[in-house]
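Each chain, letter by letter, is given below.
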Amino acid sequence: MFKKCSYVSGAVNKNQYPKNKLPEFLLLGRSNVGKSSLINALSDRKALAYISSQPGKTRILNFYLIDDLFYLVDAPGYGYALRSRSERLDFGRLIEEYLHENDNLHKVFLLVDTKVGPTADDKIMYEYLSHYRIDTIIIATKTDKIGKTRRNQYRNNIIEKLGIDDNQLIMTSAVEKTGIDLIKKLIAHELKMEP
Ligand SMILES: Nc1nc2c(ncn2[C@@H]2O[C@H](COP(=O)(O)OP(=O)(O)OP(=O)(O)O)[C@@H](O)[C@H]2O)c(=O)[nH]1
Ligand SMILES: [Mg+2]
């Protein structure tokens, strides 16, 4: 499942989104949280999505086509990227236009670093998505940095800080490949495919 994948395009505005109406899953999260690594893990490829050494380098929406079925959309990271007022405005405009003016958006995956927990920016982002009733799943990343016995504690911290339901959170590690199959199943379920 999800073997074939290719980088299709980058977009800074809605005229540049893909035109073929396939469902899209947006990955949102602060810089360095592990968005590109998750795309690589989901698509079984090592270096498909550019993994940045310089946080916040990518400022556009990047569309990856998976098995000719759906798109994974890599958004610019917030946090480090929001240094200047103009960058903040660019990010806001890019994301708001995408969230509100794109009928193909199926679900948002909001990534939160497991060890760091939800930051102030993460909370604002989650509240924004909830306010507009945008279907969102929280993906906790880099769980391999936490000992197995303490992962539940970190899981509960995220649930509590964001005020989400237990089934809205998936714990993942792109290194250990944990939680990746769960996300694939969720996407398959959304697309009404056999997993
Ligand atoms: N230990 C560990 N490190 C990870 C994991 N996922 C990503 N990383 C590391 O975290 C750093 C950032 O990962 P990226 O995937 O580039 O993060 P990003 O969210 O795409 O960052 P931007 O594109 O700058 O917004 C890299 O050094 C990755 O190797 C993980 O599951 N475990
Ligand atoms: Mg990235």
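About the cut-offs
- Residues numbered from 1 in each chain as written.
- Chains lettered and ligands numbered in written order.
- Predicted model: local features only at pLDDT ≥ 70, side-chain atom pairs only at ≥ 80, totals over all residues.
- Helix = DSSP H or I, 4+ residues; strand = E, 2+ residues; numbered from the N terminus.
- Buried ≥ 20, exposed ≤ 12 C-beta atoms within 10 Å, placed from the backbone.
- Contact = placed C-beta atoms within 7 Å.
- Core = buried A, V, L, I, M, F, W, Y, C linked by C-beta atoms within 7 Å.
- Pairing = 2+ DSSP bridges.
- Axes fitted to C-alpha atoms, helices over the stretch in contact; angles between N-to-C directions.

1. Observations concerning the overall build of the protein chain
- When its secondary structure is counted, the protein chain shows five helices and seven strands.
- When the helices and strands of the protein chain are read in sequence order from the N terminus, they spell out β-β-α-β-β-α-β-α-β-α-β-α.
- Across the 195 residues that make up the protein chain, the buried fraction comes to 33%.
- Intrachain contacts of the protein chain at a sequence separation of at least 6 include 72% that bridge at least 24 residues.

2. As for the environment of lysine 4
- Within the element layout of this structure, lysine 4 appears in the segment before β1 (5-11).
- Each residue touching lysine 4, except ones within four places of it in the same chain, is listed here: Asp67 and Asp68.

3. Let's talk about the environment of lysine 184
- With respect to the helices, strands and loops of the structure, lysine 184 is situated in helix α5 (residues 180-190).
- Looking at lysine 184, the number of C-beta atoms within 10 Å reads 19, which means it is partly exposed.
- Residues lysine 184 and phenylalanine 2 lie 182 residues apart in sequence; the distance between their C-alpha atoms is 8.1 Å.
- Setting aside anything within four residues of it in sequence, one finds lysine 184 in contact with Met1, Phe2 and Leu42.

4. Topic: the nonpolar core
- Counting residues in each nonpolar core, the largest one holds 36 residues, and the members touching the most others are Leu27, Leu72, Val73, Leu110 and Leu111.
- If you tally residues by element for this core, the top one is strand β5 (residues 105-113), at five residues.
- Dropping the residues within four chain positions of it, leucine 27 is found in contact with Lys35, Leu38, Ile39, Leu72, Val73, Asp74, Ala75, Phe109 and Leu111.

5. Section: the sheet that holds β5
- Taken in spatial order, the seven strands line up as β1-β3-β4-β2-β5-β6-β7 in an open sheet, and their pairing is mixed. Because the sheet does not close on itself, it has two edges, and the strands there are β1 and β7 (169-171). The mean inter-strand angle of the sheet, taken between neighbouring strand axes irrespective of direction, is 25°.
- Alignment of strand β3 (residues 61-66) against strand β4 (residues 70-74), held across five bridges, turns out to be antiparallel. Bridging across to β4, tyrosine 64 finds its partner in leucine 72.
- On top of the sheet, helix α3 (residues 120-131) reaches β2 (24-29), β5 and β6 (136-141); it is set at about 160° to β5, its chief contact.

So yeah, pure geometry; function would need other evidence.
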